[in-house]
Amino acid sequence: MKKLFIKTYGCQMNVYDSERMYELLAPHGYKQSDDYSEADVIILNTCHIREKAAEKIYSELGRIVPIKKKLAKKGKKTNIVVAGCVAQAEGSEIINRQPFVDIVVGPQTYHKLPEFLSKIQKSSSKIVDTNFPVENKFDTLEHNRDVANVTSFLSIQEGCDKFCSFCVVPYTRGLEYSRPVIKIIEEAKILLKKGAKEICLLGQNVNAYSFSYNKKDWNLARLLRELAGLEGIKRLRYMTSHPVDMNDDLIKAHGEIPFLMPYLHLPIQSGDDDILKKMNRGYDVKLYLDIISKLKNIRDDIAFSSDFIVGFPGETDKAFNNTLELVKKVNYAQAYSFKYSRRPGTPGSIMKNQINEQIKTERLSILQQLLNKQQIHFNNSFMDNKLEVLAEKKGKKGGQLVGKSPYLQSIYFNNEFNKIGDLVKLKIISTGKNSLEGKLINSSNGEIN
Ligand code: 5AD
Ligand code: SF4
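Reading guide: rules and limits
- Residues numbered from 1 in each chain as written.
- Chains lettered and ligands numbered in written order.
- Predicted model: local features only at pLDDT ≥ 70, side-chain atom pairs only at ≥ 80, totals over all residues.
- Heavy atoms only, no water.
- Pairing = 2+ DSSP bridges.
- Helix = DSSP H or I, 4+ residues; strand = E, 2+ residues; numbered from the N terminus.
- Axes fitted to C-alpha atoms, helices over the stretch in contact; angles between N-to-C directions.
- Phe/Tyr/Trp six-rings, centres within 6.5 Å; stacked < 30°, edge-to-face > 60°.
- Buried < 20%, exposed > 50% of the residue type's maximum accessible area, 1.4 Å probe, protein only.
- Lys NZ or Arg CZ within 6 Å of the ring centre and 35° of its normal.
- Contact = heavy atoms within 4.5 Å.
- Near = heavy atom within 4 Å.
- Polar contact = N/O pair within 3.5 Å; in protein donor to acceptor, adjacent residues only side chain to side chain.
- Areas by Shrake-Rupley, 256 points an atom, 1.4 Å probe, with all protein chains shown as cover.

Novice: Explain the sheet that holds strand β15 (residues 303–310) to me, and be specific about the residues and the numbers.
Specialist: Strands sit in the order β14-β15-β16 across an open sheet of three strands; the sheet is parallel. Across the chains shown, the open sheet's two edge strands, defined by having one partner strand only, are β14 (263–265) and β16 (334–339). For this sheet the average axis-to-axis angle between neighbouring strands, irrespective of direction, equals 10°. Bridging between β14 and β15 involves three bridges; their strand directions are parallel. By the bridge assignment, His265 is partnered in β15 with Ser305.

Novice: Give me the lowdown on the packing of aromatic side chains, citing residues and values where you can.
Specialist: Summed over all chains, the structure comprises ten aromatic pairs. Pairing Phe163 with Tyr171 gives two aromatic rings, centres 5.6 Å apart and planes at 70°, and the pair type is edge-to-face. Taking relative accessible area as the criterion, Phe163 reaches 32% and is therefore assigned partly exposed. Taking the relative accessible area as the measure of exposure, Tyr171 reaches 39% and is therefore partly exposed. Taken together, the ring pairs in this structure connect Tyr263, Phe378, Phe382 and Tyr407 into an aromatic cluster. Directly above the ring of Phe338 sits Arg50, whose terminal nitrogen or CZ lies 3.5 Å from the centroid.

Novice: Describe the sheet that holds strand β10 (residues 198–202), listing the residues and the values that go with them.
Specialist: With respect to topology, three strands assemble into an open sheet ordered β7-β10-β13, the strand pairing being parallel. Because the sheet does not close on itself, it has two edges, and the strands there are β7 (151–155) and β13 (235–239). Across this sheet, the average inter-strand angle for adjacent strands is 20°, counted without regard to direction. With five bridges connecting them, β10 and β13 associate as parallel partners. Counterpart to Leu201 in the pairing with β13 is Tyr238. The strands touched by helix α1 (residues 12–25) are β7, β10 and β13; relative to β7, the strand with the most contacts, the crossing angle is about 95°.

Novice: Go over the site of ligand 1 with me, naming the residues and quoting the values.
Specialist: Close to ligand 1 lie Ile49, Arg50, Phe166, Gln269, Asp307, Ile309, Phe338, Lys339, Tyr340, Ser341 and Arg343, which account for all nearby residues. Phe166 is positioned such that a nitrogen or oxygen atom in its backbone is 2.9 Å from a nitrogen atom of ligand 1. Contacts to ligand 1 include Ser341, whose backbone N or O atom sits 2.8 Å from a nitrogen atom. Isolated, ligand 1 exposes 400 Å² of accessible area, and the fraction of that covered by the protein chains is 86%. Those elements giving two or more residues to the shell around ligand 1 turn out to be β15 and β16.

So, to be careful, I would describe these as geometric facts and stop short of saying anything about function.
Structure (structure tokens):
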């Protein structure tokens, strides 16, 4: 048995890809280890979305390389692989900066890892593969899955054609590609058979999903309806959506499918129409707010999360205030916010009126204070109310289980009767910003045990 250490950075798509890398290597005698100092192969599955994320990889390599050297003195070989979006964007530059890296492989060719590893182990050569091959990696990756968690990710779409002017994704992940319906359904069935209760469909632009099959055009709504009928499914989610692709059929699906959780991640990035235009987002604030109100009309318990970028080139105080106003209007359950990071090769990086770091820091802090307040308020609103939790793992204390609410809040509770994978009704007895505590409700009479 060879030991494999995989560290994952960035988005859920990378989490999914890392699971697939493990599944690819397991039949070749690799077992996953959580200690890189004893690994035969170390894979860093990287993220390039912001400068900080990319730089993290070089500091991690700075920690790993001395271990590789130490082990080499004892006669043990360690192979270092840089995969993911930094690999795609920087290619052989990674080996120039850090010659102890053996393989650099982008997100579209990692299915060749078994072949690459066996090649370099025989010849001590280096491999850099950042191609976008004609055959899609999903065609090579079997739908057979080993890694099935109570909450499992399933990639249905990859890449992006939107070319937002701040974003590297269309360059690192390539253009939009939707996986065949049949492969997705087969993979979902396997995940459910292996114990998954919740499936989260993934895609950089998941709601742009589009595929022709059985003389029908399949969009995300149709796919969700189909998956909701599979045996064993308890919860469905999808992320990340673009407002432009939030069509009426998909909105309607939220009112029809009880398994579809009433929680939607819908990044707006800015609440100012001029900035949205410069970002090339393809919508204005009105369109975004219309989607929110249509969804609320169809499902009144729905809540929203979002992504924001502050300090995009040309963002005035007034434009920033418009973002704060938008946040107040929507009232988010949770949100991510970032300082604009200039990414080489993107249109935003060469725009005039770049905003200085200090202003970005100030704006981020103001926005985050508001978002945090909304998150705490949202969590507090469940005090003494009921929430359903899907038990995912054991808690820190004995007898405790932890899981997620429909709104992805972490909830812990004491209990001897239920097990991981159960859906449990709880009364919320304490709330915080990042987690809630619940107490079991006796299902027969609604009383609290
Ligand atoms: N700078 C800052 N944030 C960015 N994001 C994407 N590109 C950048 C960038 N250049 C953010 C967006 C996106 C999230 C995944 O990362 O908010 O929705
Ligand atoms: Fe990036 Fe925009 Fe595509 Fe999202 S929609 S991946 S932000 S280019």
